[in-house]
Each structure stands twice: as C-alpha cells, then as structure tokens.
Amino acid sequence: MPETASANSEVATAPISLWRRGSDLLATAAAAAAVVLVLLPLGAVFGYLVYKGIGSINWAFLTQTPKPVGEAGGGMANAIAGSAFILLIASVIGVPIGIGAGIYLAEYGRNQFGNVIRFTADVLNGVPSIVVGIVAYAIVVLTQGHFSALAGGVALAIMMIPTITRTTEEMLLLVPNAVREAAYGLGVSRWRTTLSITLRTATSGVITGVMLAFARVAGETAPLLFTAFGNQYWNWKINQPTAALSLQIFSYAISPFDEWHRQAWAGALILIVLIVAAVSAVRIVAGRGMLKGAN
Amino acid sequence: MGVGIKVEKLNAWFGRTQALYDITMEAPANHATAIIGPSGCGKSTFVRCLNRMHETVPEARATGGVKIGELDVYNGTSAVQIRRRIGMVFQKPNPFPTMSIYDNVAAGLKLNGFHDHARLDEIVERSLKLSALWDEVKDTLRKKSGASLSGGQQQRLCIARALAVEPQVLLMDEPCSALDPISTGKIEELIFQLKEKFTIVIVTHNMQQASRVAEFTGFFLLGKLIELDKTEKIFTTPSDKRTEDYITGRFG
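Residues numbered from 1 in each chain as written. Chains lettered and ligands numbered in written order. Predicted model: local features only at pLDDT ≥ 70, side-chain atom pairs only at ≥ 80, totals over all residues.

## Structural notes on the overall build of chain A
Turning to step 1, where the next piece is worked out: Looking only at helices and strands, chain A has 13 helices and zero strands in total.
Turning to step 2, where the next piece is worked out: Starting at the N terminus and walking to the C terminus, you meet the elements of chain A as α-α-α-α-α-α-α-α-α-α-α-α-α.
Turning to step 3, where the next piece is worked out: Scaling as 2.2 N^0.38, a compact globule of 295 residues should have a C-alpha radius of gyration of about 19 Å, whereas chain A reaches 26 Å, well beyond that.
Turning to step 4, where the next piece is worked out: Taken along the three principal axes of its C-alpha coordinates, chain A extends 90 × 60 × 35 Å.
Turning to step 5, where the next piece is worked out: Here chain A, with 295 residues, has 37% of them falling under the buried criterion.
Turning to step 6, where the next piece is worked out: The long-range fraction of contacts in chain A, counting pairs at least 24 apart against all pairs at least 6 apart in sequence, stands at 72%. (Helix = DSSP H or I, 4+ residues; strand = E, 2+ residues; numbered from the N terminus. Rg over C-alpha atoms; globule rule 2.2 N^0.38 Å. Buried ≥ 20, exposed ≤ 12 C-beta atoms within 10 Å, placed from the backbone. Contact = placed C-beta atoms within 7 Å.)

## Re the packing of helix α4 (residues 117-130) of chain B against helix α6 (residues 151-164) of chain B
Residue and element names in this part refer to chain B.
Turning to step 1, where the next piece is worked out: Across the interface, α4 lies against α6 with an axial gap of 8 Å and an inter-helix angle of 130°. Relative to α6, the element α4 is oriented oblique. The two elements α4 and α6 cross, and the hand of that crossing is right-handed. Packed against α4, whose contacting residues are Ile123, Val124, Ser127, Leu128 and Leu130, the element α6 presents Ala160, Leu163 and Ala164 at the interface.
Turning to step 2, where the next piece is worked out: Here the residues of the contact of α4 with α6 sort into seven nonpolar, one polar and no charged. (Axes fitted to C-alpha atoms, helices over the stretch in contact; angles between N-to-C directions. Parallel < 35°, antiparallel > 145°, perpendicular 65-115°, else oblique. Left-handed = near helix turned anticlockwise from the far one by under 90°. Nonpolar A, V, L, I, M, F, W, Y, C, P; charged D, E, K, R; others polar.)

## So, the nonpolar core
Turning to step 1, where the next piece is worked out: If you look at the biggest cluster of nonpolar residues, it comprises 82 residues, and the most contacted ones within it are Leu50, Ala164, Leu170, Leu171, Ile200, Val201 and Ile202 of chain B.
Turning to step 2, where the next piece is worked out: Among the elements that take part in this core, α6 of chain B stands out by supplying seven residues, more than any other.
Turning to step 3, where the next piece is worked out: With sequence-adjacent residues up to four places away left out, Leu50 of chain B is seen in contact with Ile5, Val66, Val73, Ile86, Leu171 and Val201 of chain B.
Turning to step 4, where the next piece is worked out: Residues Ala79, Leu224, Trp265 and Leu269 of chain A belong to the second largest nonpolar core, which totals 60 residues. (Core = buried A, V, L, I, M, F, W, Y, C linked by C-beta atoms within 7 Å.)

## So, the sheet that holds strand β4 (residues 60-68) of chain B
Residue and element names in this part refer to chain B.
Turning to step 1, where the next piece is worked out: With antiparallel pairing, the four strands of this open sheet are ordered in space as β2-β1-β4-β5. Two strands in the sheet have a free side with no partner beyond their single neighbour: β2 (17-27) and β5 (71-72).
Turning to step 2, where the next piece is worked out: Pairing of strand β1 (residues 5-14) with β2 involves seven bridges; the strand directions are antiparallel. Within β2, the position partnered with Trp13 by the bridge is Gln18. (Pairing = 2+ DSSP bridges.)

## Brief notes about the interface of chain B and chain A
The accessible area lost on association of the parts is a frequent measure of interface size.
Turning to step 1, where the next piece is worked out: Opposite the 27 residues of chain B that make contact, chain A presents 22 residues.
Turning to step 2, where the next piece is worked out: Looking at the side of chain B that touches chain A, the elements with two or more residues in it are α2 (79-85) and α3 (101-110) of chain B.
Turning to step 3, where the next piece is worked out: The greatest single-element share of the side of chain B that touches chain A, amounting to four residues, is contributed by α2 of chain B.
Turning to step 4, where the next piece is worked out: Grouping the constituent residues of the side of chain B that touches chain A by class yields eleven nonpolar, ten polar and six charged.

## Observations concerning the pairing of strand β3 (residues 32-36) of chain B
Residues and elements named next belong to chain B.
Turning to step 1, where the next piece is worked out: With five of five residues buried, β3 is to be regarded as a mostly interior element.
Turning to step 2, where the next piece is worked out: Burial along β3 is two-sided: Ala32, Ala34 and Ile36 facing one way and Thr33 and Ile35 facing the other are all buried.
Turning to step 3, where the next piece is worked out: Of the strand pairs in this sheet, β3 and strand β8 (residues 199-203) are connected by four bridges, and their pairing is parallel. What sits directly across from Ile35, in β8, is Val203.
Turning to step 4, where the next piece is worked out: Pairing geometry for β3 and strand β9 (residues 216-221), over four bridges, is parallel. Paired with Ala34 across the strands is Thr217, a residue of β9.

## So, unusual backbone geometry
Turning to step 1, where the next piece is worked out: Positive phi values are uncommon outside glycine, yet Phe229 of chain A reaches one of about 75°.
Turning to step 2, where the next piece is worked out: Inspection of the secondary structure assignment puts Phe229 of chain A in the loop between α11 (222-225) and α12 (245-253).
Turning to step 3, where the next piece is worked out: Phi angles above zero are rare outside glycine, and Asp22 of chain B is one such case at about 45°.
Turning to step 4, where the next piece is worked out: Counting through the fold element by element, Asp22 of chain B comes out in strand β2.

## Considering the pairing of β1 of chain B
All names here are of chain B.
Turning to step 1, where the next piece is worked out: The antiparallel hairpin formed by β1 and β2 contains two residues in its connecting segment, where Gly15 sits at a positive phi of about 60°.
Turning to step 2, where the next piece is worked out: Of the pairings in the sheet, the one linking β1 to β4 comprises eight bridges and is antiparallel in character. Within the sheet, the bridge partner assigned to Lys6 lies in β4 and is Lys67.

## Brief notes about the sheet that holds strand β7 (residues 169-173) of chain B
Residue and element names in this part refer to chain B.
Turning to step 1, where the next piece is worked out: Overall, mixed pairing links the six strands, which are arranged β6-β7-β8-β3-β9-β10 in an open sheet. Either end of the sheet is taken by a strand with one partner, and the two such strands are β6 (86-89) and β10 (224-230). Here the strands of the sheet are splayed against their neighbours by 15° on average, with no regard to which way each runs.
Turning to step 2, where the next piece is worked out: Summarising the sheet, β7 and β8 pair through five bridges and their orientation is parallel. Each residue of the ladder has a partner; that of Asp173, found in β8, is Val203.

## Concerning the packing of α3 of chain B against α6 of chain B
Residues and elements named next belong to chain B.
Turning to step 1, where the next piece is worked out: Contact pair α3 / α6: the axes reach a minimum separation of 7 Å and the direction vectors enclose 35°. Here α3 and α6 pass one another in a crossing that is right-handed. Residue-level inspection shows Ile101, Asn104, Val105, Ala106, Ala107, Gly108 and Leu109 of α3 in contact with α6, the latter providing Leu157, Ala160, Arg161 and Ala164.
Turning to step 2, where the next piece is worked out: Taken together, the residues of the contact of α3 with α6 break down into eight nonpolar, two polar and one charged.

Structure follows, in structure tokens:
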C-alpha cells in the first residue's frame, strides 16, 4: 500500500532525535561502566597482591621449605607442591563423578530420581565449605586415624562435584537433539552416542565447568584445616598430613611476625598465578584439537 | 542392492495420541517412493517407524509389521542393528559439529568399531563421490569441520554419512526443505543415481519434487494412508477424492 510505504520512508528519513541519541549514549556508557565495575575488584586484588607480594618472591621462596621463627629466608615450596597434590587427588575423584552424574542427568535423568539428584546437587553447592571439611573429617580422618592429603582431596572433591555435575548437564542439554538422532540413525548405540557424540560436541563447555570448579576449590582453606591439616616439611604420601598454600597463607597471616606476613602475601600471589596458569593451560591444550569452523 | 519394503498394519502412538492408523503398503526395491500430505499427517512418523527412530522419543511406541527385504524390523532384531541397514537423512542437515568432514562420513563405521584405515579412506572417498560432494571438499577433508560447509553441502555430507555404512534402504525426511533451489536440484539428481543401489523412501512437502524423483507416491492424511500408486496416476487421475483435493490445492 502506498500510504504505508510513504509513512515508512518518512520514519526512515526523519532525523534521529536528540533524546534517542542521548539515551543510546547513556545506555552504552552504563554498560561500559558495569564492565569496569566487574573488572575493578579483580584488578585491584591482583594489583595489591603484586605490590605486597612480589618483593618476597625469590628462588628460595619457590624451592625451600619454611624456616623456624626468627630465621630469615625459607619458602613455601612444600605448600605449592602440596596444593597441587591435593588438587590432583580432588580432581581424580571429583571430575569423573561430576561428569558421570551430569551425563546421567542430561541423558537419562528426566524423571523423579533425576530431580532428586538435581536438588541434592544444588543444596550441596550451597553447603558452607567448613561443613564439607567436617564431613571429610568424619569419613576419612576418623577412619584412618590421622590427617592426610587424601582427606583434603576428598573434601575438595565433594565441593567440585555439584558444580561439575550441573554445568555438564547444562552443556549436554545444549547439544541439539538432531545431533543425537544423526548418530542413532547410523546405528550407533545409545551409550556410544552419549560418549562419542554428545559429550564430544559439548567438550569445551564441560571443560569450562571443570575449570570453574577447580579454580573455586583451589583457594579453599576451611575444608583443609582439619583434613590435610598442613605440614612444615615435604610430603608425597597420600595418607600423611600435607601442606597447602591456602593453609600456609592462613597460618602466616594470623601470626605476629612481619617476615611471615610478607611471605603470606607472596604465597597468595603465587596461588592466584598458579590457578590462572592451570586454567589457561587446560584451555590451550583442549582448544588445540579444535577444527576450523567447529562451534 | 536395495531391497523392497513391506509394511503391514502399522500403528504408532505418541503417549495416548495415535499418529498412524493401520498403514499397509509396499515400496519396491531400487525405486523411489514419495510420501506426501499436509503437515501433521504422520509422514515423518511413518518413515521414522521404518528404522525404529520413532521409539527414541519418550513415550512413543509402534505396533505392526515392517519387513525390509528379509529383515523383520519389529521382531527379533535390535533397533541398533536395524538402523545400520537403513540409512536416514533428516530434514535439517545435522553433521557432527566437532568432527572433520572425513570423520563425519566415517562416523557410522568408526563408532561401531571399524578401524581399518585404508578401507575407511576408500569408503569415505566413494561415499563423498556418490553424494556429489567429493570435488568440493577433497582438499579440506581433515582440516575443516562438517559444520563449516554451506547448508546444501552439509545435507550432501549427511547423505554421504548415511551411505558410508552401506545401507539397503535410504529414508529421506524432507531432505530439501531447508535448501535453496540449486542445492535441491543437486540432491534430486543424486536421488536419481542412488536408486541404482538403494531403495529410497522420501517424505516431501513439495509435490513437484515428488513427481520429479519418485516412481510411486503415497498420500497421507490424518495418520492414514489414503492411496499409494504410480506417481503419474496420483497426480493425474487419483482414485480418491481427498487426494485430488490435496494435489489441486483445495486444502493443505
């Protein structure tokens, strides 16, 4: 109709009002400000850690065990290694269980039992970390009779599982059903389809979930207090008390000695750098197999 | 070689809703049989019953007899085995997005435990040539993802993937509805060549397409097979009034 056309061309050629331009600018500015507000705390925390901690980081700090009070020097090498050790144990326990539960929920869990698991995982996600520590204490420490790296790993694994489960489920549900049908249509069995097609298609999302869970528990202190307990010396035995960076930072930070305070700052800086490094490394390795045009 | 399809008293349900009523028909070997009908008449459900894809939907079930050659689809054979003998091409191209072009074509064999690399190379090349995609992708077989191709190429990739497992029957559920005329033309040409090796059942919304590619055409309405006959007959002198109304555009 000619009237509509002329009305439309009138709208199309009319100058954009000052109000519209102003509100556009305002909305863009507000969004930009929100981004800055989100990044600011991260930048501030990292900047302050560098400022306070970088001075105490040297070769000895990275290679030696702590020195007794009053003696200068010493380092957190055993705590760095201990953290890595405990996180390795936690990942070995937590990642397969979390991903397995996520697969169950996404592919088989459209029922009452699935709802119960979903609810349980969400509640577990909200349980205070110190409570998780007590659970690990009751399950592992009391049965073994002493603190251990294993107990710390179990505590952190319990914290990782709900996050991994829920993100795995969500990522698998994002895989279009058409992709599953394509595999079924080729005569591929259901479990094979789930592992080789659905999970593979969702890999990058699942890895993000695992990394999120990993980064979250890597800095946890409370669940390690009465599980891994801490140690002034090297330990590589799974059933012995083990040092952890977060524990070391905690005990140094509440001590009355300036030297220990400085070392606590340095330890915190190392912890953040290591978490970022671990997450980036996994991302790079996982991204290497990606093909051109894959999404 | 293709084999004939015999369907007897096939009924299908989604939960309590019946989708197909007593379908009895035959599709001869090495010919294309088109299934036409308005939306929601059960065309897709019907072809999905032929390779037991219907039952992958929760609460869906089917009863009756389907024979693909000597193979009894609903008696004694597992759904997984059935689907290895009956290839399927879907309405929307659905390549595996994280796999290369090569792996997409090889998927059906690889995932079922076939790992002879020399033979796989051969089969992938032959399947891509059959689906008329080889020349366009032969240089990027392993470098590019299946999802990076254009829509028409993706659909031919999906056809190659279905052909690689060497089925006897190829089911096509509106394979061209998401494609432009040029890609549609290519796929129709392809259907003509594929008839030499396979029996084809093709669901289509497009009556011209049915008359171009199929020797036989069946008309579905409200879950029932109204009539099935030679394509020329259906489109010139159908024996049922409802078929005539549909093809002359009086409804649907």
